Amino acid sequence: MAEEPNPVEVAWRRRAREFAEASILPLQRSIDRDDRFPADLTARLAEAGFLGVGLPSDWGGRGGNTRCVAAVLEELARASAAVATLVSVHISVCAQPIERWGTESQKEAFLRPLAQGRWIGAFALTEAGAGSDAARIACRYRRDGGELVLLGSKMFITNGASADVILTFAAAVDGPHSGRISALLLRKGTPGFTAPQRLDKLGLRGSETNELLYDDVRLPVNALLGEEGHGLSLALGALTAGRVGIAACALGVAQAAYDEVERAVRADPQDRNRSTLARAYTRLVAARSLVERAADRRDRGQPFVREGSAAKLACSETALWIAERAVDLGGVDAALAGSRPAQLLRDARVFPIVEGTTEIQELILGRALSGE
Ligand SMILES: Cc1cc2nc3c(=O)[nH]c(=O)nc-3n(C[C@H](O)[C@H](O)[C@H](O)COP(=O)(O)OP(=O)(O)OC[C@H]3O[C@@H](n4cnc5c(N)ncnc54)[C@H](O)[C@@H]3O)c2cc1C
């Protein structure tokens, strides 16, 4: 059983809901249509503290545990999954790994501005030839004097072009860690680093997804995050934690789709429609309890690999299932590309892919449950 929300979580959820209703919902249609955020929305997210939730106040963050982060992400995603995804990636797979593995000086240089919301973070692991199997990445770095020289490319990187810090994974070509992957902290504007392509996606439109190029990018040795050669386990650890956040984003889409189903059924309360509503409600509540359970375990310092994978898998599938029902019940209007049910269906379809596909969650969970 998940714990009841505490007053801090309740307050975060309320603030996120109020913000989402006032500042995101009115823009949601144009964000999807234009595949862009208005310039000041990120600044307003920062001002409201949503870029610092779950990050320690000692480093400029707003505090709050995983339950608070999940509540914020769900409420933001209920209005716009694209906005929530920006925040989820920034917190869960960029700022929090720096908090966990960074040195004091890395925290001062990178975590503080991220936690204060002055900077945006990104996480760059996936490449054109390496997605689920991250060990196959081809991005490389070599040593040249006191510097690391990075060469290669990344694909499908959220916040990639506008992020101020890009946590980048590459393998060493020389030295004692040759062939092993390390995590590197890269600043936007470093010579040789470019984002040549913004990808035009089916869903999560408005969330920036980029191809990134590293053409002999020179970094100081202290750009290495965590131990050199241990980047793959760092990446997988970050993704394990991040899964709770991305599950909460999918849950927000499920909730928004449920809102559409409920509206349609209240307008036409036939028994067949009521039974759809009942099943949507049951799935939604079950998915939320999995997110809360995973977050509770993480907050208590207990292992949460199974619970995180189960939450990601269930929330992605639930969002898709309910969004399909929202389209069904929405009639012909819902078949229009810009309709809310259609948008939710497109957003929902992307969640089974991001931060570990459904098949990969099945593998992780199946291994854990069978005692491996
Ligand atoms: C909107 C969006 C945002 C993203 N943001 C980021 C980001 O910020 N940073 C980042 O690094 N990446 C990001 N990604 C990339 C994402 O993590 C990858 O797309 C994902 O890991 C899958 O990789 P792939 O697309 O290369 O598919 P592949 O790994 O090639 O998989 C193709 C298919 O095969 C299945 N499959 C693969 N291996 C197995 C297996 N062993 N067993 C069973 N089935 C398998 C998969 O489930 C999938 O259905 C993003 C992707 C999207 C769509």
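From a predicted model like this one, the values you see are computed outputs, not experimental measurements. Here the residue numbering is sequential within each chain, running from 1 through the sequence in written order. The predicted origin of the model limits local features to residues at a pLDDT of at least 70 and limits the giving and counting of side-chain atom pairs to 80 or more, whereas totals for whole chains, interfaces and linings rest on all residues.

## Section: the overall build of the protein chain
For the record, the criterion: Strands are runs of DSSP state E lasting at least 2 residues, helices are runs of H or I lasting at least 4, and numbering of each runs from the N terminus. Atoms counted for the radius of gyration: C-alpha only. Globule rule: 2.2 Å times the number of residues to the power 0.38.
Within the protein chain one finds 11 helices and 8 strands. For a compact globule of 372 residues, the expected C-alpha radius of gyration is about 21 Å, and the protein chain comes in at 20 Å, within 12% of that figure.

## Examining the domain arrangement of the protein chain
So the rule is basically this: Residue ranges assigned to each domain were obtained from an automatic or database domain assignment. We call two residues in contact if the C-beta atoms placed from their backbones are at most 7 Å apart. Think of it as three bins: nonpolar holds Ala, Val, Leu, Ile, Met, Phe, Trp, Tyr, Cys and Pro, charged holds Asp, Glu, Lys and Arg, and polar takes everything else, Gly as well.
Parsing the protein chain into structural domains produces domain 1 (7-120), domain 2 (122-231) and domain 3 (232-369). For domain 2 versus domain 3, the distance between C-alpha centres works out to 29 Å. With 16 residues of domain 2 at the interface, the matching set in domain 3 holds 11 residues. Grouping the amino acids of the side of domain 2 that touches domain 3 by side-chain chemistry returns 10 nonpolar, 5 polar and 1 charged.

## Examining helix α7 (residues 231-267)
Defined as follows: Multiplying 1.5 Å by the residue count of a helix minus one yields the expected span of that helix. For the exposure call, what matters is how many other C-beta atoms sit within 10 Å of a residue's own: 20 or more marks it buried, 12 or fewer exposed, and in between partly exposed, using C-beta atoms placed from the backbone.
For α7, with 37 residues, the first-to-last C-alpha span of 53 Å sits near the 54 Å given by 1.5 Å per residue. Burial runs high along α7: 28 of the 37 residues are buried.

## Remarks on the packing of α7 against helix α9 (residues 305-329)
The line we're drawing: To define axes, lines are fitted to C-alpha atoms, for helices over the stretch in contact only, and angles between the resulting N-to-C directions are given on a 0 to 180 degree scale. Roughly parallel here means an angle under 35 degrees, roughly antiparallel means over 145, roughly perpendicular means 65 to 115, and every remaining angle is called oblique. Rotating anticlockwise by less than a right angle from the far helix to the near helix defines a left-handed crossing, while the corresponding clockwise rotation defines a right-handed one.
Two elements in contact, α7 and α9, have axes separated by 7 Å at closest approach and are oriented at 25 degrees. In terms of orientation, α7 lies roughly parallel with respect to α9. Relative to α9, α7 is oriented so that their crossing is left-handed. In the contact of α7 with α9, the residues fall into 20 nonpolar, 5 polar and 4 charged.

## With respect to the nonpolar core
What counts is decided by this rule: Each nonpolar core consists of buried Ala, Val, Leu, Ile, Met, Phe, Trp, Tyr and Cys residues. Their C-beta atoms, within 7 Å, join them into a set.
Residues L76, L184, V253, A257 and V291 are the most contacted members of the largest nonpolar core, which totals 118 residues. No other element matches α7, which puts 20 residues into this core.

## Considering the pairing of strand β4 (residues 165-172)
Keep this limit in mind: In this description, strands pair whenever DSSP reports at least two bridges between them.
Most of β4 sits out of view: 8 of its 8 residues are buried. Both strand β1 (residues 121-124) and β4 contribute to a ladder of 4 bridges, which runs parallel. Bridged to A122 within β4 is I166. Pairing geometry for strand β2 (residues 140-144) and β4, over 2 bridges, is parallel. Directly across from R140, in β4, lies its bridge partner A171.

## Some thoughts on the site of the ligand
Worth spelling out the cut-off: Here is the check we use: build the C-beta atom from the backbone, and if it is within 6 Å of the molecule or strand, call the residue near.
With respect to spatial proximity, 22 residues lie near the ligand, and among them T126, G131, S132, T357 and E359 are the closest. Per-class residue counts for the shell around the ligand are 12 nonpolar, 7 polar and 3 charged. Two domains each put at least three residues into the shell around the ligand: domain 2 (122-231) and domain 3 (232-369).

## Concerning the environment of G117
Within the fold, G117 resides in the loop between α6 (104-115) and β1. Separated by 67 residues in sequence, G117 and F50 have C-alpha atoms that sit 8.1 Å apart. Other than its neighbours up to four places away in sequence, G117 contacts A46, L51 and G52.

## A few points about the pairing of strand β3 (residues 147-158)
Note that β2 and β3 share 5 bridges and pair antiparallel. Looking across to β3, one finds that R140 is bridged to L151.

## Considerations on the environment of I353
Within the element layout of this structure, I353 appears in the loop between α10 (340-350) and α11 (358-369). Expressed as a C-alpha distance, the spacing of I353 and S132, which sit 221 residues apart in the sequence, is 9.6 Å.

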